[in-house]
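Tertiary structure, described
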Amino acid sequence: MGRLKYDKELLDFVEDRHPAMYHVLRVLKFVAYTLALVVLYYLVFTLFFSSEEERRMISERRLIEREYDALSGQVTLLENVVGGLEVKDEAIYRELFNTNFPDISFADTSLMQALSDTACVPQLVDMTYLAAFRLGREFDLCSMLIGAVADSLSETDPDMLRRIPSIMPIADFPLGNVGASLGRKMHPFYKEVVFHGGLDLVAPAGVEVRTTADGTVKSVERAMKLQGTRIVVDHGNGYETVYAHLSDVLVRKGQQVSRGDVIGRSGNSGTSFAPHLHYEVLRDGRQLDPLCFFNAELDTDSYAELLMYAANTGQSLD
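Here the residue index of a chain counts from 1 through its sequence in written order. Selection of residues for local features in this predicted model requires a pLDDT of at least 70, selection of side-chain atom pairs for listing and counting requires 80 or more, and totals for whole chains, interfaces and linings are taken over all residues. Side-chain measures here rest on the full set of heavy atoms in the structure, leaving out hydrogens and waters.

Remarks on helix α6 (residues 300-311)
Where we set the bar: Secondary structure follows DSSP: runs of H or I at least 4 residues long count as helices, runs of E at least 2 residues long count as strands, and numbering of each begins at the N terminus. Every helix has an expected span of 1.5 Å times one less than the residues it contains. Residue exposure (1.4 Å probe, protein chains only): buried if accessible area is under 20% of the type maximum, exposed if over 50%, otherwise partly exposed. Here, the arc refers to the directions that run from the helix axis to the C-beta atoms.
With 12 residues, α6 extends 16 Å from end C-alpha to end C-alpha; this agrees with the ideal 16 Å at 1.5 Å per step. Buried residues of α6: Ser302, Tyr303, Leu306, Leu307 and Ala310, and no others. Taken end-on, α6 shows its buried residues confined to a sector of 140°, consistent with a single buried face. For α6, exposure combined with an orientation more than 90 degrees from the buried face picks out Thr300, Asp301 and Ala311.

Now the structure itself:
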């Protein structure tokens, strides 16, 4: 028997009968409360509790973010280094071969960088394949250019090659002692930024100085100011080299010299802040960067070390 209720008309208790819809609504309300409670439990569990797999994935994500930041910094550094090397390569190519550096368009990595922020693995694979394909073609082009240079050198008179400055003017020179190179540098006496026309090689007075290519002694000068005692060698192909602030001269004007011959000794003559050799390379009267002419004596690592020391020296010694 169902629930009873008091009927005012009959003045008696009768069974309370509800329509079917009433019971349906009660069931739906129960289901709705149950679902709401389930959702609430799920949210609480999700926000305040995490499984071992989730914790592992969060840890991996944080590690990847840190590694990505570190790699981004390394990529930026490498891009700057490569950019500097490209400028230096162009200068070396222009000075040695008297022509512009060949226009080689390296693979564009901008799209790869954009894709690296996503998880588009198929696209990354495609881009890696294309980049490798381009690098292969560029390698073939570089090999062809190197072969052309080698063929050109093989057909060149060896005597002409010996007249191009290509060694350091001080034998076994400690690379860490290289000073200011060509460009605007701080003058040691005026304390102003002025143009520095050569390369300073810091060495004690009396160190042997050698000529860097075959040629003829054009002039021997001795002075109390400016570059002091200096030697100018004419190499007969538009190139001239200057060796300044010497303490002693071992050649005379008009004398024939060969690459590696000792022509003087380093010193502190003229307007010099400390004992050193000031070395210049000129072609057709124009001052060139001497750093571009040590390729015949230094390997790649030593040459890179020399460039680094020279780039970090902002004050000349004369």
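Observations regarding the pairing of strand β12 (residues 276-283)
The condition that has to hold: By this definition, two strands are paired if DSSP reports at least two bridges between them.
A large share of β12 lies buried, amounting to eight of its eight residues. Residue alternation in β12 divides its side chains into two sets, His276, His278, Glu280 and Leu282 and Leu277, Tyr279, Val281 and Arg283, and both sets are buried. Of the strand pairs in this sheet, strand β5 (residues 199-202) and β12 are connected by four bridges, and their pairing is antiparallel. Residue pairing in the sheet places leucine 199 in a bridge with tyrosine 279 of β12. Pairing analysis gives six bridges linking strand β9 (residues 239-249) to β12, with the strands arranged antiparallel.

Digging into the confidence of the model for the protein
Where we set the bar: The score called pLDDT rates the predictor's confidence residue by residue, from a low of 0 to a high of 100. Should any heavy atoms of two residues lie within 4.5 Å, those residues are counted as being in contact.
Scored by pLDDT, the protein has a mean of 77; 73% of the residues are at 70 or more. No element of the protein has a lower mean pLDDT than helix α3 (residues 110-115), at 50, and none a higher one than strand β8 (residues 229-234), at 94. Low confidence marks residues 104-108, where pLDDT is under 50. Its contacts with residues over four positions away, or in another chain, come to nine contacts.

Describing the pattern of salt bridges
The cut-off we apply is this: Each reported salt bridge corresponds to a side-chain nitrogen of Lys or Arg within 4 Å of a carboxyl oxygen of Asp or Glu.
Tallying each qualifying case throughout the model produces four salt bridges. Linking lysine 218 and glutamate 240 is a salt bridge whose minimum nitrogen-to-oxygen distance equals 2.7 Å. Placement of lysine 218 in strand β7 (residues 215-221) and of glutamate 240 in strand β9 is noted, with a sequence separation of 22 residues between them. The closest approach of N and O atoms between glutamate 221 and arginine 230, which form a salt bridge, is 3.0 Å. You can call glutamate 221 partly exposed: its relative accessible area is 33%.

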